[in-house]
Amino acid sequence: MAGEGDTDGSAHGPAGGDRRYINRELSFLEFNRRVLELAEAEEQPLLERAKFLAIFSTNLDEFFQVRVAGLKDQLAAGVSGTAPDGLPVPDQLRAIRAEVERQVADRSRIYYEELVPRLAEHGTRLVDWSSLTPSDITYAESVFEAQVFPVLTPLGVDPGHPFPYISNLSLNLAVMVRDPQRGERRFARVKIPPLLPGFLALPDGERFVPVEQVIAAFLGELFPGMEIESCHAFRVIRNADLTLAEEEADDLLEAVEMELRRRRFGRAVCLQVESNFSAEVRELLTRELDLRPEDVYELHGLLDYAGLWAIYALDRPELKDEPFSPVVPGRLTAPEDGTTDIFAAIASEDIFVHHPYESFALSTEAFIKQAARDPRVLAIKQTLYRTSGDSPVVTALIRAAERGKQVAALVELKARGDEAANIGWARALEQAGVHVVYGLIGLKTHAKTALVVREEGDGIRRYCHIGTGNYNSSTARLYEDIGILTASPALGEDLTDLFNSLTGYSRQSYYRHLIVAPQALRSRIIELVQQESELGRAGRIVWKLNNLVDRKVIDALYGASQAGAQIDLIVRAQCCLRPGVPGLSETIRVRSLVGRYLEHSRIYYFGEGADGGPSVDRAYEAANGAAGRDGKAVDYRSAITDGSETSLNGPGSAAGFNAPRAVARDSAGRFIARPGGGGHPVLLPQGGRYLMGSADMMERNLDRRVETLLDVTSPEIQERLREILEVELADDELAWELAADETWHKVPDVKHFNAQRHFQELALARSRRWGKAERLSTVE
């Protein structure tokens with residue numbers, strides 16, 4: 001379990017290393033450990049546990065393809081130096097191996113000792129070939145001959161057949177065959193084509209056998225007349241990072257295409273083999289792949305857990321989370337007798353959207369689609385980082401260009417893992433007449449922005465979208481993100497300036513409501529942190545982000561903590577800041593929420609001395625109509641408050657949590673921890689500054705990407721952002737907390753308060769409230 005082990009603060013770092021920081025690579029592995037814990041959690045539906053095993057495995061693959069590959073490149077190049085935490089590259093690789101070995105052993109245990117038996121109890125049996133009956137084998141042979149055998153290609157190794165290329169992430173069989181006439185022994189490799197399902201369903205529809213075991217059983221069909229001496233599964237992970245000399249490229253698209261072709265042959269990073277793998281074949285593969293013994297991982301059982309996605313796709317709703325259908329954001333609800341005029345809705349009021357609880361398809365996507373159809377729309381400009389395979393947004397941009405509108409799309413060709421898809425979309429957009437830009441030299445464009453220019457009766461009006469998530473309809477159902485649709489003239493001018501700098505030549509540095517990287521984002525964030533530091537104990541900082549790695553930002557937070565500012569950080573994945581260290585960070589608390597949806601939004605709150613009590617608006621009143629797990633009304637303010645503490649901030653207020661985290665205010669209205677509590681305030685005061693946007697606090701975001709944060713001035717949207725922060729600080733079902741010794745501990749489940757479930761309830765309550773208001777308006 002995460003959180004067990006040494007607690008002396010030296011678990012990962014070398015003697016004499018800089019203990020101000022936690023190692024980035026080990027921090028990621030700790031995040032993936034939290035994902036693995038969801039696969040082990042008994043309260044999770046069984047197929048959801050299978051899904052989390054698959055997600056854990058995908059995360060680990062990417063970690064090796066990028067992070068471990070980078071460390072090994074440093075080692076091969078003789079690059080000296082240490083990580084910010086003081087850990088040299090060889091020590092990092094050793095620590096990574098030790099932790100990965102623990103995690104993959106736990107993955108096997110969870111799969112074989114928990115998931116497989118429990119699924120069998122519910123009529124879904126993941127079986128081995130050895131358990132099949134003669135009739136099962138006859139059926140499997142017929143499927144093999146008709147569907148599998150035709151797509152297999154055995155590749156032998158001898159003087160006339162060089163060692164074959166082993167593709168990245170491919171599952172393979174290493175086969176030793178013997179010619180009975182000549183007595184010669186030869187090695188052959190059989191690749192399991194990725195187009196085959198990971199499991200073969202048997203006729204009863206209840207049992208599933210790994211496809212590699214089916215192929216292994218019929219190897220005689222591939223090597224007729226040969227004796228099969230041994231057969232073992234193995235898997236290779238290669239360096240998949242993209243390396244471009246952009247300054248030397250005449251055509252960035254062609255350069256990325258060329259690099260993608262080269263990447264297929266990236267250096268091998270890791271070899272995964274079965275636990276009973278032949279020592280002879282292991283030595284052969286290690287030598288031919290130019291690996292070292294420490295790069296070989298011996299795994300028990302399955303090597304490729306991607307096949308679990310097919311198991312998850314089974315029609316077994318009783319073994320999955322209860323389905324949730326995103327609601328339509330209030331003002332975008334269509335009247336009973338017509339369709340929504342999105343532009344009229346945005347012109348009347350800024351619209352905040354919280355995905356996946358509020359529909360992406362009926363808000364952001366619909367905004368782009370209506371812009372493409374509307375004859376009064378003159379131009380559409382948009383950034384595209386990751387898009388879905390059947391992207392409705394890209395299709396709408398193509399239709400808009402075909403209708404004669406001016407359309408500009410900044411397509412980021414270097415988005416890792418989506419390079420090929422983005423190249424395809426870029427070509428399709430260009431063929432339709434869209435002005436396609438590939439970004440700035442040396443920078444990735446990660447900002448999530450769209451600008452629509454529309455001609456109206458009183459002149460030209462600009463409509464804007466800025467968000468934290470990609471314009472991707474698939475991930476919008478799985479990722480938690482936020483966005484704002486607005487007709488703010490000032491933001492419209494900002495986005496106009498931003499797009500002009502992206503598509504043309506500009507040294508634009510001044511923006512009205514945007515903070516843009518790499519020009520000014522880090523310096524502005526540090527400036528805001530320092531302002532809270534100057535307030536001493538009245539300083540208040542609450543951030544929600546994916547990763548906190550940048551040393552300069554971390555040092556600024558340490559400085560604010562030493563000045564007495566109260567700091568809460570909700571960091572989903574990597575956190576290199578060490579909280580709770582006396583004299584360094586004792587007023588900083590770090591938590592991470594890992595659950596059904598991937599927490600992806602970024603919100604930065606700075607109290608700026610605000611000390612007003614918490615307010616209750618219509619959104620919170622609406623929450624009182626949302627049903628909890630027991631069918632009773634739920635209000636997160638009461639859900640996170642110990643009733644005995646409600647008087648601390650005055651009649652009717654709510655600033656408590658549970659006993660270990662109860663808080664109060666001093667005579668000046670500042671939050672203080674109650675004696676023996678050790679906690680911090682969960683509810684935020686009115687006022688302060690809220691930023692939201694695409695940027696995490698990492699060197700890559702602040703120095704090597706175009707990122708945007710919006711300074712939110714709308715009181716209504718500030719309340720929504722405040723609500724998100726407060727709810728996530730109150731969670732005790734999905735939340736983990738980081739200790740000063742680098743270990744993560746699950747927050748005790750006292751209130752049974754699940755932030756993601758509560759956001760579902762809030763969205764449904766808002767939808768009902770808005771529908772009722774619309775009906776009343778119609779009657780009036």
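See the structure printed just above.
Residues numbered from 1 in each chain as written. Predicted model: local features only at pLDDT ≥ 70, side-chain atom pairs only at ≥ 80, totals over all residues. Heavy atoms only, no water.

Colleague: How would you explain the overall build of the protein chain if you had to name every residue and give the values?
Modeller: Each helix and strand counted, the protein chain has 21 helices and 31 strands in total. Counting only residues that meet the buried cut, the protein chain has 57% of its 780 residues in that class. Counting only contacts in the protein chain whose residues sit at least 6 apart along the sequence, the fraction spanning at least 24 positions is 73%. Carbon and sulfur atoms form 49% of the exposed surface of the protein chain, whose accessible area is close to 32,100 Å². (Helix = DSSP H or I, 4+ residues; strand = E, 2+ residues; numbered from the N terminus. Buried < 20%, exposed > 50% of the residue type's maximum accessible area, 1.4 Å probe, protein only. Contact = heavy atoms within 4.5 Å. Areas by Shrake-Rupley, 256 points an atom, 1.4 Å probe, with all protein chains shown as cover.)

Colleague: Mind laying out the packing of aromatic side chains, listing which residues take part and the relevant values?
Modeller: Going through the model one piece at a time under the given rule, you end up with 20 aromatic pairs. Geometrically, the ring pair formed by F28 and F63 is stacked, given 5.3 Å between the ring centres and 10 degrees between the ring planes. One end of the pair, F28, is in helix α1 (residues 24-40); the other, F63, is in helix α2 (residues 46-77), and 35 residues separate them in sequence. In textbook terms, an aromatic cluster arises when at least three aromatic residues are bridged by ring pairs, as seen for F28, F31, F63, F64 and Y297. Taking the ring centre of F52 as reference, the NZ or CZ of K51 above it sits at 4.7 Å. Residue placement shows R97 over the ring face of Y297; its charged tip is 4.4 Å from the ring centre. (Phe/Tyr/Trp six-rings, centres within 6.5 Å; stacked < 30°, edge-to-face > 60°. Lys NZ or Arg CZ within 6 Å of the ring centre and 35° of its normal.)

Colleague: So, the environment of T445: which residues are in play, and what are the values?
Modeller: Its location among the elements puts T445 in strand β14 (residues 444-445). Note: C-alpha distance between T445 and T708 (263 residues apart in sequence) is 9.7 Å. When near neighbours in sequence (up to four residues on either side) are disregarded, T445 contacts T383, Y385, L410, E412, G439, L502 and V706.

Colleague: Requested: an account of the sheet that holds strand β3 (residues 171-178), with residues and values cited.
Modeller: With respect to topology, six strands assemble into an open sheet ordered β2-β4-β3-β7-β8-β9, the strand pairing being mixed. In this open sheet, the two edge strands, each paired with only one partner strand, are β2 (154-157) and β9 (296-299). Taking the axes of each pair of neighbouring strands and ignoring which way they run, one obtains an average angle of 30 degrees across the sheet. (Pairing = 2+ DSSP bridges. Axes fitted to C-alpha atoms, helices over the stretch in contact; angles between N-to-C directions.)

Colleague: A description of unusual backbone geometry should follow, citing residues and the corresponding values.
Modeller: Geometrically, the link from H355 to P356 is a cis peptide bond, its omega value of 0 degrees lying close to zero. You can see P356 is positioned in the loop between β10 (351-355) and α11 (364-373). The backbone of L169 sits at a positive phi, close to 65 degrees, despite the residue not being glycine. With respect to the helices, strands and loops of the structure, L169 is situated in the loop between β2 and β3. In this model, D290 sits at a positive phi of 60 degrees, which is unusual for a non-glycine residue. Note that D290 resides in the loop between α8 (279-288) and β9.

Colleague: Please provide a residue-by-residue account of the side chain of K544, values included.
Modeller: Note on placement: K544 falls in strand β19 (residues 540-545). Within the structure, K544 has its side chain in polar contact with the side chain of E480 (distance 2.8 Å). A polar contact of 3.2 Å, which involves the side chain of K544, links it to the side chain of E599. Filtering out sequence-adjacent residues up to four positions away, K544 remains in contact with E480, I570, E599, H600, S601, R602, I603, I724, L725 and E728. (Polar contact = N/O pair within 3.5 Å; in protein donor to acceptor, adjacent residues only side chain to side chain.)

Colleague: With reference to specific residues and values, describe the pattern of salt bridges.
Modeller: In total, this model carries 53 salt bridges according to the counting rule given. Residues R186 and E184 are paired through a salt bridge, measuring 3.9 Å at the closest nitrogen-oxygen approach. As a salt-bridge pair, E358 and R720 come within 3.4 Å of each other at their nearest N and O atoms. Note that E358 is positioned in the loop between β10 and α11 and R720 in helix α20 (residues 715-730), a separation of 362 residues in sequence. Looking at E358, the relative accessible area reads 5%, which means it is buried. Linked by salt bridges that have partners in common, R33, E40, R49, E99, R102, D106, R109 and E114 make up one network. (Salt bridge = Lys/Arg side-chain N within 4 Å of Asp/Glu carboxyl O.)

Colleague: Go over helix α15 (residues 521-534), please, and point to the residues and values.
Modeller: In this model α15 runs 20 Å from its N-terminal to its C-terminal C-alpha over 14 residues, within 8% of the 20 Å that 1.5 Å per residue would give. Those residues of α15 that fall on the buried side of the exposure criterion are L521, R522, I525, I526, L528, V529 and E532. One side of α15 holds all its buried residues, which, seen down the axis, span an arc of 160 degrees. Backbone geometry just downstream of α15 places G536 in the positive-phi region, at approximately 65 degrees. (Expected span 1.5 Å × (residues − 1). Arc of directions from axis to C-beta.)

Colleague: Describe the sheet that holds strand β1 (residues 125-126), and please don't skip the residues or the numbers.
Modeller: Spatial strand order, β1-β6-β5: three strands in an open sheet with mixed pairing. Only two strands of the sheet have a single neighbouring strand rather than two, namely β1 and β5 (199-201). Looking at chain direction, β5 and strand β6 (residues 207-210) are connected through three bridges and run antiparallel. Bridging from a neighbouring strand, F199 pairs with P210 of β6.

Colleague: Account for empty space enclosed by the protein, naming residues and giving values.
Modeller: Think of a ball as big as a water molecule: rolled over the atoms, this probe shows where empty space is left. This structure, assessed with the given rule, holds six cavities of 30 Å³ or more. Here the second largest cavity is characterised by a volume of approximately 90 Å³. Around the second largest cavity sit H355, F360, T364, H465, G469, N470, T475, A476, Y479, D481 and I482, which together line it. Top element by residues in the lining of the second largest cavity is strand β17 (residues 479-486). It accounts for three residues. Looking at the lining of the second largest cavity, its residues break down into four nonpolar, six polar and one charged. (1 Å grid on protein atoms, 1.4 Å probe; cavity = no way out; pocket = protein on both sides within 12 Å on 5 of 7 lines; lining within 4 Å. Points joined across faces, edges and corners; volume = space filled by probe spheres on them. Nonpolar A, V, L, I, M, F, W, Y, C, P; charged D, E, K, R; others polar.)

Colleague: Give me the nonpolar core: which residues, what numbers.
Modeller: General note: in soluble globular proteins, nonpolar side chains tend to be found buried as a group. Counting 75 residues, the largest nonpolar core has L53, F64, Y111, L126, V190, I215 and L308 as the members making the most contacts within it. Residues within four places of V190 in sequence aside, it is in contact with L152, T153, P154, L171, N172, L173, V175, I215, L219, L222 and F223. (Core = buried A, V, L, I, M, F, W, Y, C linked by side-chain atoms within 4.5 Å.)

Colleague: How would you summarise the pairing of β10 if you had to cite specific residues and measurements?
Modeller: Every regular strand shows the same layout, with side chains that alternate between the two sheet faces. Among the five residues in β10, five count as buried, and that is most of the element. The side-chain alternation of β10 yields two buried faces, one formed by I351, V353 and H355 and the other by F352 and H354. Note: β10 against β17, five bridges, orientation antiparallel. Looking across to β17, one finds that H354 is bridged to I482.

Colleague: Break down the pairing of strand β8 (residues 268-274) for me, with residues and values.
Modeller: Counted residue by residue, β8 has six buried out of seven residues, so it is predominantly covered. Two elements, strand β7 (residues 227-238) and β8, share five bridges in a ladder whose sense is antiparallel. Looking at β8, one finds that F234 is bridged to V273. Two strands pair when backbone bridges link them, and β8 and β9 are joined in this way by four bridges, in the parallel orientation. Within β9, the position partnered with L271 by the bridge is V296. For the segment spanning β8, α8 and β9, crossover handedness is right-handed. (Right-handed = clockwise from strand over helix to strand, strands pointing away.)

All we've got here are geometric facts, nothing functional implied.
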